[in-house]
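Each chain, letter by letter, is given below.
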Amino acid sequence: MTDSTAPVPPSLFPTPLFPTSLSRRAVLGGTAAAGLLLTAPPGLRAAGRTEPAVDRDTLVVALQRNFSNLNALVAITSDSNRYLLQIYDTLYGFDASGTLVPRVATSYASSEDGLTHTYRLRPGVKFHHGGELTSADVKFSLEHVLDPASKSTRRPQFAPIIASVETPDPLTVVFRLKAPDGAFPNKIAGYLPLVPKEYGSSQPAADVFARSPISVGPYRVKAFSDGESLELERFEEYWDAKPGIKRLLFKVIPEPDSRTNALLAGEVDLAAGVPAQNVARLRGVAGLDVIASPLGSPLMVNLYSNQPGQPLAKRAVRQALSYALDTPSIIRNVLHGIGDPLATIISKHYPYGADPALQPYPYDPKKARALLAEAGYPTGFETKLYSGNDHPKEIAEALAAYWGQIGVKTSIQRIDYATWAQLNNTRKTNPMTIQQMANAIYDPIHPLGGTYGRDGTWSNYDNAEVQDLIEQAGPLRGAEARGALFRKIGRLLNEDAAGIYISELYDVFAKKNGLSWDAQSGIGLLNFRKVAWA
């Protein structure tokens, strides 16, 4: 039973612009899994500018967030996801469906006990500064991650398991592990972009690569203006097929309407992070395509629940905050229908691990108030909610409005994304923050370990049963075994209200239809390796 005595005022939400029938059929129905192309009826189309903003050798991309660090071995995924596949390359990578495929390594083998992983490198792979890739560079790249001075967000994924890295010859690298890790090949593909051991600078690698990284990817850095733009030029000695466009220019335009207007004015060729409220406007413009691509990422509130004496340390309080939200209404109105209800942190767009039978908390404010009283807060309490400006402010406002109805007074701390990322990485977004976990390795251990493992980069949670299962996942190999264990963890996190789960996330792009480009489905990485003007 739900309580309808205190409905959310209709004025809380703007009038939806995203057609309800399209929302249910195309997004909630699941066809967005391969990327959803939205086009306007002919009668609604107006004249649009579709020629390149600069020329046919150049692609101008409008981004919603600043670049805080160009070192993909150090930066968080949500930062590096815009440039990693352009500047860097890895031993193995992922194809469009999340399957591991060879990149600068030609082969991979693991020992029967899972402790030894051997990669054979391609000969003649060039770095942007002219040197050739060898096994010594692979070893250096991992050591760069493991060095505490680098402050790499990837370090927790490797430090507990790496015993040694050996280089028996220039084209062979051997990783020896302390314990088996079933996700190790995925981690190498997602977390270990390659940099050169010798990079021609007396400065520490972390400082150099933060502004002018060197790798073996299809583009190299030409110019970087912090807070404004990043210019990349095609690397003509790239080992694989070269992209069809010679120059990528990323412009940082944080304000959503300004990003949309830049596309409409023809000043940019592709806009990332198109806000849902602008979709209807863009659908009516001739020559533009709008694409909704699943991120394999949960939109959630990360809770600092491991602090005794605080309200969020009590399960009943966390459950109350979940019952207090009408998440379908938030998806329908704030996200304009571009989303799916979410029951736990594991996205349905991961290849395995999601439990389709697991249901989100229903909207039940009466039960929420009862749980608060049970926890010792019959009149509620005061709290803070951090929100980076990469998410619509209306999300935080909706959460605060719903929680206010059960007596929880929420002060919204709205800050720019770069500042938020620094605070969140150092656990200073206490007591809770809106967060998303990008899919970096197509394995659920990425969000689980990072958010709910005791040593996770963004973890403020301590549950012995969950921790034990995360550790059990370590040696497991194969989708079936890993998937079964992750479903069990997902159920525990749901029951414990470990986080406030709002929606599956979709990244919405708008582009000129003369541009041939497909979004990378199921992951937050921008991929311009296959792009060209038609």
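Residues numbered from 1 in each chain as written. Predicted model: local features only at pLDDT ≥ 70, side-chain atom pairs only at ≥ 80, totals over all residues. Heavy atoms only, no water.

Focus on the packing of aromatic side chains
For the structure on display, the rule yields 23 aromatic pairs. Between Tyr-452 and Tyr-461, the ring centres sit 5.0 Å apart and the planes meet at 75 degrees, which makes this aromatic pair edge-to-face. A centroid spacing of 5.4 Å and a plane angle of 25 degrees characterise the contact between Trp-517 and Phe-528, whose relative ring orientation is stacked. Highlighted residues: Trp-517 in the loop between strand 18 (515-516) and strand 19 (532-533) and Phe-528 in the loop between strand 18 and strand 19, separated in sequence by 11 residues. Exposure class is identical for Trp-517 and Phe-528. Each is buried. Among the aromatic residues, those joined into a cluster by ring pairs are Phe-67, Tyr-83, Tyr-88, Phe-224, Phe-250, Phe-509, Trp-517 and Phe-528. In this structure, Arg-65 is placed above the aromatic ring of Tyr-417, and the distance from its NZ or CZ to the ring centre is 4.8 Å. The ring of Phe-67 carries the charged tip of Arg-82 above its face, separated from the ring centre by 4.7 Å. (Phe/Tyr/Trp six-rings, centres within 6.5 Å; stacked < 30°, edge-to-face > 60°. Helix = DSSP H or I, 4+ residues; strand = E, 2+ residues; numbered from the N terminus. Buried < 20%, exposed > 50% of the residue type's maximum accessible area, 1.4 Å probe, protein only. Lys NZ or Arg CZ within 6 Å of the ring centre and 35° of its normal.)

What to know about the pairing of strand 2 (residues 58-63)
Of all 6 residues in strand 2, 6 are buried, a share of seventy percent or more. Side chains Thr-58, Val-60 and Ala-62 project from strand 2 onto one buried face, and the interleaved Leu-59, Val-61 and Leu-63 project onto a second face that is buried too. Note that strand 2 and strand 11 (residues 247-252) share 6 bridges and pair parallel. Following the sheet pairing, Leu-63 is matched in strand 11 by Val-252. Bridge analysis of strand 2 against strand 12 (residues 270-271) gives 2 bridges, and the strand direction is parallel. Note on strand 12: the bridge partner recorded for Val-61 is Leu-270. (Pairing = 2+ DSSP bridges.)

Regarding the environment of Asp-518
Summarising the element assignment, Asp-518 is placed in the loop between strand 18 and strand 19. Sequence separation between Asp-518 and Glu-465 is 53 residues; the distance between their C-alpha atoms is 41 Å.

Quick notes on helix 12 (residues 365-374)
Within the sequence span of helix 12, burial applies to Pro-365, Ala-368, Leu-371 and Leu-372. Down the axis of helix 12, the smallest arc covering the buried residues is 115 degrees, so these residues share one side. Opposite its buried face, helix 12 presents the exposed residues Lys-366 and Glu-374, each directed more than 90 degrees away. On its buried face, helix 12 sits against helix 10 (315-323). Where helix 12 terminates, the next one or two residues include Gly-376, which has phi positive at roughly 100 degrees. (Arc of directions from axis to C-beta. Contact = heavy atoms within 4.5 Å.)

A look at the sheet that holds strand 5 (residues 105-110)
As summarised here, the arrangement of the 4 strands in space is 5-6-8-7, forming an open sheet in which the pairing is antiparallel. The open sheet is flanked by strand 5 and strand 7 (162-169), the only strands paired with a single partner. With direction set aside, neighbouring strand axes in the sheet form an average angle of 15 degrees. With 5 bridges joining them, strand 6 (residues 116-121) and strand 8 (residues 172-177) adopt antiparallel strand pairing. (Axes fitted to C-alpha atoms, helices over the stretch in contact; angles between N-to-C directions.)

Quick look at the environment of Arg-427
Along the polypeptide, Arg-427 turns up in the loop between helix 14 (417-425) and strand 16 (432-436). The spatial distance from the C-alpha of Arg-427 to the C-alpha of Asp-507 is 26 Å, given a sequence separation of 80 residues. Side-chain polar atoms of Arg-427 contact the backbone oxygen of Gly-456, separated by 2.4 Å. (Polar contact = N/O pair within 3.5 Å; in protein donor to acceptor, adjacent residues only side chain to side chain.)

Here we look at helix 16 (residues 464-473)
Those residues of helix 16 that sit buried are Val-466, Gln-467, Leu-469, Ile-470 and Ala-473. For helix 16, the arc enclosing every buried residue in end-on projection is 165 degrees, short of the 170-degree limit, so these residues lie on one face. At its buried positions, helix 16 is contacted by helix 15 (445-452) and helix 17 (479-495). By the N-cap criterion, in which a side-chain oxygen at the helix start approaches the backbone nitrogen of a residue two or three places on, helix 16 is capped by Asn-463, the distance to Glu-465 being 3.0 Å.

A word on unusual backbone geometry
For the bond from Asn-430 to Pro-431, the omega torsion is 10 degrees, close enough to zero to count as cis. Relative to the helices and strands, Pro-431 is located in the loop between helix 14 and strand 16. Positive phi, normally seen in glycine, also occurs at Ala-497, with a value near 50 degrees. Among the structural elements, Ala-497 can be located in the loop between helix 17 and strand 17 (499-512).

Let's talk about the environment of Arg-283
You can see Arg-283 is positioned in helix 9 (residues 279-283). Between the C-alpha atom of Arg-283 and that of Ala-510, which follows or precedes it by 227 residues, the distance is 9.1 Å.

Things to note about the nonpolar core
The biggest cluster of nonpolar side chains holds 98 residues, and the ones touching the most others in it are Leu-91, Phe-175, Leu-493 and Phe-528. If one sorts the elements of this core by residue count, helix 17 sits on top with 5 residues. Apart from residues lying up to four places away in sequence, Leu-91 is in contact with Pro-102, Arg-103, Val-104, Ala-105, Tyr-119, Leu-121, Val-138, Phe-175, Ile-188 and Leu-194. By size, the runner-up hydrophobic cluster in this structure holds 39 residues, among which are Ile-331, Leu-372, Phe-381 and Met-432. (Core = buried A, V, L, I, M, F, W, Y, C linked by side-chain atoms within 4.5 Å.)

Overview of the pattern of salt bridges
Here the structure, examined in full by the defined rule, presents 23 salt bridges. Across the pair Asp-443 and Arg-482 runs a salt bridge, and its minimum N-O distance is 2.9 Å. Here Asp-443 is found in the loop between strand 16 and helix 15, whereas its partner Arg-482 is found in helix 17, with 39 residues between them in sequence. A single burial state applies to Asp-443 and to Arg-482, both of which are buried. Linked through salt bridges whose partners overlap, the residues forming this network are Asp-89, Arg-103, Asp-240 and Arg-529. (Salt bridge = Lys/Arg side-chain N within 4 Å of Asp/Glu carboxyl O.)

Describing the side chain of Asp-443
Residue Asp-443 is classed as buried on the basis of its relative accessible area of 0%. Leaving out residues up to four positions away in the same chain, Asp-443 has contacts with Ala-183, Asn-186, Tyr-350, Tyr-352, Arg-482 and Phe-486.

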